[in-house]
Amino acid sequence: MSQAEVALSPPTPEECDHPAPVVGVMAHEFAPYQGARGPEGPRRTTMYYGPVVGGLPIKAWHCERCGLLRLEYPDGRREERRLYPGPQPGLISSAVPGEATPESALGTQMRVSGVSATPDIYFSYFREEPVEPEPLHQRLAARLPKLDMLTWFTVACFAACAVGLVLGGVLAVYDWTTPGAVLPLFFTVLGIFLAALGAQVLGGIGRHWFPGGDLSPSPAVALRGRPELDGATRTVVALLVLTVVGLVLAGILAIYDWTTPGAMLPLFYTVLGLFLAAVVVKVLSATVRHLQRR
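Model, not experiment: these values are computed from the prediction.

1. Some details on the overall build of the chain
Check the secondary structure of the chain and you find 9 helices and 9 strands. Residue burial in the chain is summarised as follows: out of 294 residues, 22% are buried. When the accessible surface of the chain is totalled, it reaches about 22100 Å², and 66% of it is carbon and sulfur.

Here it is in structure tokens:
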């Protein structure tokens, strides 16, 4: 890194004197999925709730010079993390004291991490005109899923098997002797189950040999690229492959004769050296990447 880049780079939180921190409550929502982009960059995996109903205020302190963010939760927990230096619009908002309104008394006042929403904003989401309820027969109407005939046949067979099993259980315990109807009932249930299983197997064979048409490739296949490995990773993979080959060779030498050959000792040290070299290369690579990010 050149001297100009060092001069322009922001100070670390330990070096910064925090001249004008922004103080307030959290009012920003981060995506919880891997690789999402938040104010501190990608790889965000947690979420701070901002505009949510009933959210408790999270006190926030942010230095725009070094990017240090300090959080104080309502339960007493404290947390520090470093964001991108510079202003973070929408990250922190000023706390607004709640007012005694009829909405707050009824529990319909929306509080957003210490930021209160006015009734005109909150109730604008509701329709003022009355909504007629749906007829009772429409609300009670059962809507069957759209399944093919083979799937419906399998469902019917399984339902018949369940009824047969319940009937067999009743016949097995209602008297002190087992009635003769249990045996034909058993074979009937077994036949229905095998029919459902055979239908699914035949359906799978038919779909394999007579497909409905070629499907377009999925995004995972269409957008797939070639793997890009750095030199350190390639070196580690090569060393581990050689280690596995050495272990296989050592196993062969250990059992092919009734005495252990003298080549086992140097082979052992060679395999051990390859494995330790792979570990050292990986640790050094991770250390270098960590130092370059700072």
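Let's pick the thread back up.
2. Some thoughts on the environment of Ala156
For Ala156, the position within the fold is in helix H5 (residues 149–173). Assessed through its relative accessible area of 46%, Ala156 is described here as partly exposed. Spatially, the C-alpha atoms of Ala156 and Ile192 are 9.5 Å apart, while their sequence positions differ by 36 residues.

3. A word on the packing of H5 against helix H6 (residues 182–209)
Direction vectors running N to C along H5 and H6 enclose 160 degrees, while the axes themselves pass 9 Å from each other. When the axis of H5 is compared with that of H6, the two are roughly antiparallel. In the crossing of H5 with H6, the sense of the turn from one axis to the other is left-handed. Tallied by class, residues from the contact of H5 with H6 come to 17 nonpolar, 6 polar and 1 charged.

4. Some words on the packing of aromatic side chains
Under the definition given, this model contains 3 aromatic pairs. Plain terms: the ring middles of Phe186 and Phe187 are 5.2 Å apart, the flat faces sit at 65 degrees to each other, and that makes the pair edge-to-face. Centre to centre, the rings of Phe268 and Tyr269 are 5.3 Å apart; their planes meet at 65 degrees, and the pair counts as edge-to-face. Phe268 sits in the partly exposed class, given a relative accessible area of 48%.

5. With respect to the sheet that holds strand S1 (residues 22–26)
If you walk across this open sheet you meet the 5 strands as S6-S5-S4-S1-S7, and the pairing is antiparallel. Where the open sheet ends on each side, the last strands, each with one partner, are strand S6 (78–82) and strand S7 (92–93). Pairing of strand S5 (residues 68–72) with S6 involves 5 bridges; the strand directions are antiparallel. In the sheet register, Arg70 faces S6, and the bridge partner there is Glu80.

6. Notes on helix H8 (residues 231–255)
Residues separated by three or four positions in an α-helix point in the same direction, a consequence of the helix having 3.6 residues per turn. Look at H8: 37 Å from first C-alpha to last across 25 residues, which is about the 36 Å you get at 1.5 Å a residue. Against the buried residues of H8 lie helix H9 (264–293).

7. Concerning the packing of H8 against H9
Their axes nearest at 9 Å, the elements H8 and H9 cross at an angle of 160 degrees. Looking at the two axes, H8 sits roughly antiparallel to H9. The crossing of H8 and H9 is left-handed. Of the residues belonging to the contact of H8 with H9, the class tally is 18 nonpolar, 5 polar and 1 charged.

8. Observations concerning the pattern of salt bridges
If you walk through the whole model with that rule in mind, you get 5 salt bridges. Residue Asp17 is joined to Arg65 by a salt bridge in which the shortest nitrogen-to-oxygen separation is 2.8 Å. In this pair, Asp17 sits in the loop between helix H1 (3–8) and S1 while Arg65 sits in the loop between strand S4 (59–62) and S5, placing the two residues 48 residues apart along the sequence. Exposure remark for Asp17: the relative accessible area of 55% places this residue in the exposed category. Taking the relative accessible area as the measure of exposure, Arg65 reaches 43% and is therefore partly exposed.

9. Structural notes on H6
For H6, which comprises 28 residues, the first-to-last C-alpha distance of 40 Å matches the rise-based estimate of 40 Å (1.5 Å per residue) to within 8%. Burial in H6 covers these residues: Leu185, Val189, Ala196, Ala199 and Gly203. Along its buried surface, H6 packs onto H5.

10. Quick look at the side chain of His62
With respect to the secondary-structure elements, His62 resides in strand S4. In contact with His62, other than residues within four places in its own chain, are Pro21, Val22, Gly67, Leu68, Leu69, Leu83, Tyr84, Gly86, Gln88, Leu91 and Ile92.

11. Section: the state of the cysteines
Simply put, the disulfide is a covalent bond whose two ends are the sulfur atoms of two cysteines. Enumeration over the complete set of coordinates arrives at 0 disulfides. Of all cysteine sulfurs in the structure, the one in Cys63 sits closest to Cys16, which takes part in no disulfide; the separation is 3.8 Å. Not part of a disulfide, Cys63 finds its nearest cysteine sulfur in Cys66, a span of 3.7 Å. Residue Cys63 is classed as buried on the basis of its relative accessible area of 1%.

12. Examining the pairing of S4
Bridge count between S1 and S4: 4 bridges; the pairing is antiparallel. The residue bridging Gly24 from the neighbouring strand is Ala60, located in S4. Sheet topology places S4 next to S5; 4 bridges connect them, and they run antiparallel. Paired with Trp61 across the two strands is Arg70, which belongs to S5. Where S4 folds back onto S5 in an antiparallel hairpin, the turn is made up of 5 residues, including Gly67, whose phi is positive at roughly 90 degrees.

Rules and cut-offs
- Residues numbered from 1 in each chain as written.
- Predicted model: local features only at pLDDT ≥ 70, side-chain atom pairs only at ≥ 80, totals over all residues.
- Heavy atoms only, no water.
- Helix = DSSP H or I, 4+ residues; strand = E, 2+ residues; numbered from the N terminus.
- Buried < 20%, exposed > 50% of the residue type's maximum accessible area, 1.4 Å probe, protein only.
- Areas by Shrake-Rupley, 256 points an atom, 1.4 Å probe, with all protein chains shown as cover.
- Axes fitted to C-alpha atoms, helices over the stretch in contact; angles between N-to-C directions.
- Parallel < 35°, antiparallel > 145°, perpendicular 65-115°, else oblique.
- Left-handed = near helix turned anticlockwise from the far one by under 90°.
- Nonpolar A, V, L, I, M, F, W, Y, C, P; charged D, E, K, R; others polar.
- Phe/Tyr/Trp six-rings, centres within 6.5 Å; stacked < 30°, edge-to-face > 60°.
- Pairing = 2+ DSSP bridges.
- Expected span 1.5 Å × (residues − 1).
- Contact = heavy atoms within 4.5 Å.
- Salt bridge = Lys/Arg side-chain N within 4 Å of Asp/Glu carboxyl O.
- Disulfide = S-S within 2.5 Å.

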